Amino acid sequence: MRLANKTALITGGNGGIGLATARVFVAEGAKVVITGRNQATLESAAEELGPNAFAVVADATDIAATEAAIGKGAGKFGKYDVLFVNAGIAGGTPLGGATIETFEKVISTNLTSVFFTVQSALPYLNDNASIILNGSVISVLGIPGYSAYGAAKAGVRAMARIMASELSPRGIRVNVVAP
């Protein structure tokens, strides 16, 4: 059990990549806090994951709710050894057809919320913790119609490098996965 005695927080842990990661983490012995916007899917995920999981409703773009969820999870299981900032949305922003609302929502969800989730989690992270940010291959592939998404995920990659340098005195690693 590679994650025995470890605690992880996974944003967007109620479905997709986040839930798949939570399953693996629990199977490897970790206690896992998952967040998401949908109460019903969170409850279902927590039930599936069992007693080593704790679900807290929080929209990643709501900084206060995310901060509160991070605190609740730490109150339940203790400080975090792993932070997987996974919550995100797709969103088409084709030239000539994008709206400012969609563009800003994609940037806010996929870039701004990532920064503030990490910042909010810092007081609850153990030294030598691991932060994993969910990026995307779209940040380097140039897929038509996804300018905001690609820019946000490229920003996540750049932020990870800077965060790693800022957090290195605490031994905290920052990496990006790019599915």
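For the structure, check the block above.
Now for a description of the structure that goes with this document. (Residues numbered from 1 in each chain as written. Predicted model: local features only at pLDDT ≥ 70, side-chain atom pairs only at ≥ 80, totals over all residues. Heavy atoms only, no water.)

**Some words on the overall build of the protein chain**
Heads up, the condition is: In this description a helix means any DSSP run of H or I spanning at least four residues, a strand means any run of E spanning at least two, and both kinds are numbered starting from the N terminus. For this measure, only C-alpha atoms enter the radius of gyration; the expected value for a globule follows 2.2 Å times N^0.38, where N is the number of residues. Buried means the residue's accessible area, taken with a 1.4 Å probe over protein chains only, is under 20% of the maximum for its type, while exposed means over 50%, and partly exposed covers the values in between. By definition in these notes, contact holds between two residues if any of their heavy atoms fall within 4.5 Å. Each accessible area is a Shrake-Rupley estimate made with a 1.4 Å probe; only the visible protein chains count as cover when residues are assessed. The sign given to each residue is positive for Lys and Arg and negative for Asp and Glu; His and the chain ends receive no count. A charge is said to be at NZ when it belongs to Lys, at CZ for Arg, at CG for Asp and at CD for Glu.
A count of helical and extended segments in the protein chain gives 6 helices and 6 strands. Each helix (α) and strand (β) of the protein chain, taken in turn from the N terminus, gives the series β-α-β-α-β-α-β-α-β-α-α-β. Against the 2.2 N^0.38 benchmark of 16 Å for 179 residues, the protein chain shows a C-alpha radius of gyration of 16 Å, consistent with a compact globule. Principal-axis analysis of the C-alpha atoms gives the protein chain an extent of 50 × 40 × 30 Å. Taking all 179 residues of the protein chain together, the buried fraction comes to 45%. Summarising the internal contacts of the protein chain: among those between residues at least 6 apart in sequence, 64% fall at separations of at least 24. Carbon and sulfur atoms make up 56% of the accessible area of the protein chain, which amounts to about 8,600 Å² in all. One finds the centroid of the 14 positive side-chain charges in the protein chain at a distance of 7 Å from the centroid of its 12 negative side-chain charges.

**Description of the packing of helix H3 (residues 63-77) against helix H4 (residues 100-121)**
Here is the rule we go by: Angles run from 0 to 180 degrees between N-to-C directions of axes, and those axes are lines fitted to C-alpha atoms, restricted for helices to the stretch in contact. Handedness of a helix crossing follows the sense of rotation of the near helix relative to the far helix, less than a right angle counterclockwise being left-handed and clockwise being right-handed.
Between H3 and H4, the least distance of the axes is 9 Å, while the angle of their chain directions is 35 degrees. Like other packed secondary-structure pairs, H3 and H4 cross with a definite hand, here right-handed. On the side of H3, the interface is formed by Ile-63, Thr-66, Glu-67 and Ile-70, while H4 contributes Phe-116, Thr-117, Ser-120 and Ala-121.

**A closer look at the nonpolar core**
What counts is decided by this rule: Note on terminology: a nonpolar core comprises buried Ala, Val, Leu, Ile, Met, Phe, Trp, Tyr and Cys residues joined through side-chain atoms within 4.5 Å.
Membership of the largest hydrophobic core comes to 25 residues, with the highest contact counts inside it found for Tyr-80, Leu-83, Val-118, Leu-125, Ile-131, Leu-133 and Val-174. Those elements that provide at least two residues to this core are H3, strand E4 (80-85), H4, strand E5 (125-134) and helix H6 (147-167). No other element matches H6, which puts 5 residues into this core. Here Ile-131 is in contact with Leu-83, Val-118, Leu-125, Leu-167, Ile-172, Arg-173, Val-174 and Asn-175, once residues within four sequence places are set aside. If you look at the next biggest cluster of nonpolar residues, it comprises 17 residues, including Leu-3, Phe-25, Ile-34 and Phe-84.

**Some thoughts on the pairing of E5**
The condition that has to hold: If DSSP finds at least two bridges between two strands, the strands pair. Here is how to tell: hold the view so the strands point away, follow the path from the first strand over the helix to the second, and if it runs clockwise the crossover is right-handed.
For E5, the tally of buried residues reaches 7 of 10 residues, placing the bulk of the element in the interior. Of the pairings in the sheet, the one linking E4 to E5 comprises 5 bridges and is parallel in character. In the strand pairing of E5, Leu-83 is matched with Ile-131. For the handedness criterion, the β-α-β arrangement of E4, H4 and E5 is classed as right-handed.

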